[in-house]
Amino acid sequence: MSDEPRREASIRSETPVAMSAGHEAWGSDAIAACVRALDIPYLALNPGASYRGLHDSLVNALGNTRPQMLLCIHEESAVGIAHGYFKASERMMGAVVHSNVGLMHATMAIFNAWCDRVPVLVLGATGPWDASKRRPWIDWIHTTSDQGALVRDYTKWDNQPGSIAAAAEALMRAAQIANTAPRGPVYVNLDAALQEASIGALPPTPDASRHRAPQSPPPAPEAVRDAARLLADARRPLILAGRGGRSERAWRARIALAETLGARVITDLKMAAAFPTDHPLHAAPPGSFPPAAALAALRDADVILALDWNDLAGTLKGAFGAGPVTAKVIHVSCDAHVHRGWSMDYQGLPVADVYLLCEADAAVPSLLDAIAPATREPVNNQPYDEATPQGGDVLSLRTLAGAFNAATRGLPITLTRVPLGWNGSFRHFRHPLDYLGGDGGAGVGSGLGLTIGAALALKGSGRIPVALMGDGDFLVGATALWTATHYRIPCLVIVCNNRAFYNDELHQERVAKQRGRPVENKWIGQRIAEPDIDIAAIARAQGAEGFGPVTTPVELGAAIDKALALTQEGGVCVIDARVLPGYDSDMSGAPTRPGR
Ligand SMILES: Cc1ncc(C[n+]2csc(CCOP(=O)(O)OP(=O)(O)O)c2C)c(N)n1
Ligand SMILES: [Mg+2]
């Protein structure tokens, strides 16, 4: 996406009547002007009186454009939409959430964005901080000391500015920090009294072009030299292609590096597509835990180049167990810049014989410049076969994948989600926008928000956003759908409905086996049945097209055909696909406690 010029999607606009000229300025008018200066395209929000001043400025002073509001039914989907928007466009969006209670609803989504290293400008409010200005009761319960503490452990920065000048500086700084690698969400808490203060004339708005995030720094030349030497001497190099950008240029550079080195490549479903999975150098299907074939390739390697690989230590542990890591390891990551004490999302401490402290996409061109094409034995993995259509009268994830692949052959699909039991071999990724990766924090309920945000970013691009999503994930976040239908953000959601929080049924099964207790009880407290939830009706109730339940591959194929046609015409479609409970994912790379 970042290769292409910026364009705004044409979604439903909600145009306010114009206000008369010559009005006085309010604090929130100045704040809204800063948000516009930052080029934030949309603000996803759920309303609240703590920011009624800002809300008024966005509507009446800015005319509800640049940024445009996107009303959401829940704060979690507001932040999720901003998260998904960045994943597809690499452009930061904003979310506005009411004082403490709204922020509390938003927390899981902020945590997900944090773990996914995705910038989101979260605006919030409190107060009035000046107690003499508070309305009885409600302003008191919605005023919190140090409100940012709710999210400080999983935001890069937060602030409660004490003046309009400070608010302008806070917004510039927040955007700059959020977009500096490793990226992440930031939170600016706007005192209600500050927003609602009459300020006479509008102060000058800061020049945001003078507060931009810095370029991603290149790696240290000595480290590149050391890495190049290791790679030149390697007999069986291997690349772990982890977090990387969506541009085709970065994609091609990764391919060029692998081909120059003759290195095998492993990718992962937690992260967005980083390398063509049908390339002869791609060693094994991606998984959330590396599958057995990936672990074997790791054990076979003598030099491992980890390109911002999420959980390098865990992956090495999966391959080498408690024994020493026999390969030399080149660790490329600047993630350590955001490691703190509260969340352990930094994962285990990996060994690193050479450590390039930079983003993966900043390292790849430097490495390409420093190495000569390899003369080692060519590697030619046979690309695995995708799932193919099958008959029969039951749907499993595999037969669902076969029907989906057949119905979408040749179409530019962007998968915004895959269900937990997905096996990476089911479908190849051949373009950086073929798959957008996980939610970062593994918070159930994030799927729809992320999908709709990505769909917003992709609208008009020709790509078709499709989510393959668990029923639990869909149901927890189901009201996000209304934002898609209301604003006309086309997408297709295929709910892989096993009528259970099945991941956790598997956990109960494991525990029961370990303890010698009845495995047949594993469904209790996990099954979502009696009554079955009518997922298509939930979709229709929000203005989307609802299909199903479908129970066979043939029915599913027909539903996908219809839904894809509607999606391409701008519709929002949901298919209830009743799949048998069962996971196809290869959990062999999970070192000790398989599952999520
Ligand atoms: C907010 C939250 N609650 C609970 C969990 C624990 N959890 C992990 S996966 C899962 C089941 C999800 O169900 P579904 O989306 O239907 O997927 P399935 O496992 O059935 O394929 C649950 C409850 C979580 N990760 N996040
Ligand atoms: Mg389920």
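Note that the coordinates shown come from a computational prediction; the quantities given were computed from them, not determined experimentally.

The rules behind each value
Residues numbered from 1 in each chain as written. Chains lettered and ligands numbered in written order. Predicted model: local features only at pLDDT ≥ 70, side-chain atom pairs only at ≥ 80, totals over all residues. Heavy atoms only, no water. Helix = DSSP H or I, 4+ residues; strand = E, 2+ residues; numbered from the N terminus. Rg over C-alpha atoms; globule rule 2.2 N^0.38 Å. Buried < 20%, exposed > 50% of the residue type's maximum accessible area, 1.4 Å probe, protein only. Contact = heavy atoms within 4.5 Å. Areas by Shrake-Rupley, 256 points an atom, 1.4 Å probe, with all protein chains shown as cover. Donors = N, O, S within 2.8 Å, 3.2 Å for Na, K, Ca; no water. Pairing = 2+ DSSP bridges. Salt bridge = Lys/Arg side-chain N within 4 Å of Asp/Glu carboxyl O. Near = heavy atom within 4 Å. Nonpolar A, V, L, I, M, F, W, Y, C, P; charged D, E, K, R; others polar. Polar contact = N/O pair within 3.5 Å; in protein donor to acceptor, adjacent residues only side chain to side chain. Patch = residues over 30% accessible without salt bridge, like charges linked within 9 Å, V, L, I, M, F, W, Y side chains within 5 Å. Phe/Tyr/Trp six-rings, centres within 6.5 Å; stacked < 30°, edge-to-face > 60°.

(A) Local environment of the overall build of the protein chain. When helices and strands are tallied, the protein chain shows 19 helices and 18 strands. Here the C-alpha radius of gyration of the protein chain, 25 Å, is about what a compact globule of 596 residues would show, namely 25 Å. A burial count over the protein chain gives 57% of its 596 residues as buried. Within the protein chain, counting contacts between residues at least 6 apart in sequence, those at least 24 apart form 80% of the total. Of the roughly 23,900 Å² of accessible surface on the protein chain, 53% is carried by carbon and sulfur atoms.

(B) Examining the coordination of the magnesium ion (ligand 2) more closely. Here the magnesium ion (ligand 2) is held by the protein donor atoms Asp-471 (OD), Asn-498 (OD1) and Ala-500 (O), which lie 2.0 to 2.1 Å from it. Along the chain, the residues donating to the magnesium ion (ligand 2) are arranged with the sequence spacing D-x26-N-x1-A. One end of the pair, Asp-471, is in helix H15 (residues 471–476); the other, Asn-498, is in the loop between strand S16 (491–497) and helix H17 (502–515), and 27 residues separate them in sequence. Relative accessible area serves as the criterion here: at 2%, Asp-471 is assigned to the buried category.

(C) Structural context of the pairing of S16. In terms of burial, S16 is a largely internal element, seven of the seven residues being buried. As paired elements, strand S15 (residues 464–470) and S16 share five bridges and run parallel to each other. Residue Ala-467 lies in a different strand from S16, and its bridge partner there is Val-493. Bridging between S16 and strand S18 (residues 572–578) involves seven bridges; their strand directions are parallel. Looking across to S18, one finds that Ile-494 is bridged to Ile-575.

(D) Broad picture of the pattern of salt bridges. For the coordinates displayed, the defined rule picks out 30 salt bridges. A salt bridge links Arg-264 to Asp-300; its shortest N-O distance comes to 2.6 Å. Taken together, the residues span a long stretch of sequence, with Arg-264 in strand S10 (residues 264–266) and Asp-300 in helix H10 (residues 292–300) at a distance of 36 residues. Close ionic contact of Asp-532 with Arg-578 constitutes a salt bridge, the shortest N to O distance being 3.3 Å. Residue Asp-532 is located in the loop between H17 and helix H18 (535–541), and its partner Arg-578 is located in strand S18; the two are separated by 46 residues in the primary sequence. Exposure remark for Arg-578: the relative accessible area of 15% places this residue in the buried category. Through salt bridges with shared partners, one network takes in Arg-117, Arg-243, Asp-308, Asp-335 and Asp-345.

(E) The site of ligand 1, seen in detail. As a matter of local geometry, ligand 1 sits amid 16 residues, with Asp-471, Gly-472, Ala-500, Asn-503 and Tyr-583 nearest to it. Coverage of ligand 1 by the protein chains reaches 75% of its 590 Å² of free accessible surface. Grouping the amino acids of the shell around ligand 1 by side-chain chemistry returns eight nonpolar, five polar and three charged.

(F) Main features of the side chain of Lys-87. Structurally, Lys-87 is set in helix H3 (residues 75–89). Within the structure, the side chain of Lys-87 is placed 2.8 Å from the backbone oxygen of Gly-438, a separation counted as a polar contact. The contacts of Lys-87, once residues within four sequence positions are left out, are Asp-116, Val-118, Arg-246, Leu-436, Gly-437, Gly-438 and Leu-450.

(G) Layout of a nonpolar patch on the surface. The grouping of Val-101, Met-104 and Leu-150 at the surface amounts to a nonpolar patch, some 230 Å² of accessible area in total. Mapped onto the fold, Met-104 is located in helix H4 (residues 100–115).

(H) Highlighting the packing of aromatic side chains. Counted according to the given criterion, the structure contains seven aromatic pairs. With 5.8 Å between their ring centres and 80° between their planes, Tyr-42 and Tyr-85 make a pair best called edge-to-face. Taken together, the residues Tyr-42 in strand S2 (residues 42–45) and Tyr-85 in helix H3 connect sequence positions 43 residues apart. By relative accessible area, Tyr-42 is classed as buried at 2%. In this structure Tyr-85 comes out as buried when scored by relative accessible area, which is 4%. A ring pair is formed by Tyr-502 and Tyr-583, whose centres lie 5.4 Å apart and whose planes are at 65°; its orientation type is edge-to-face. Separated by 81 residues along the polypeptide, Tyr-502 in helix H17 and Tyr-583 in the segment after S18 bring together distant segments of the chain. Taking the relative accessible area as the measure of exposure, Tyr-502 reaches 9% and is therefore buried. Aromatic rings pair up to connect Phe-111, Tyr-154 and Trp-342 into one cluster.

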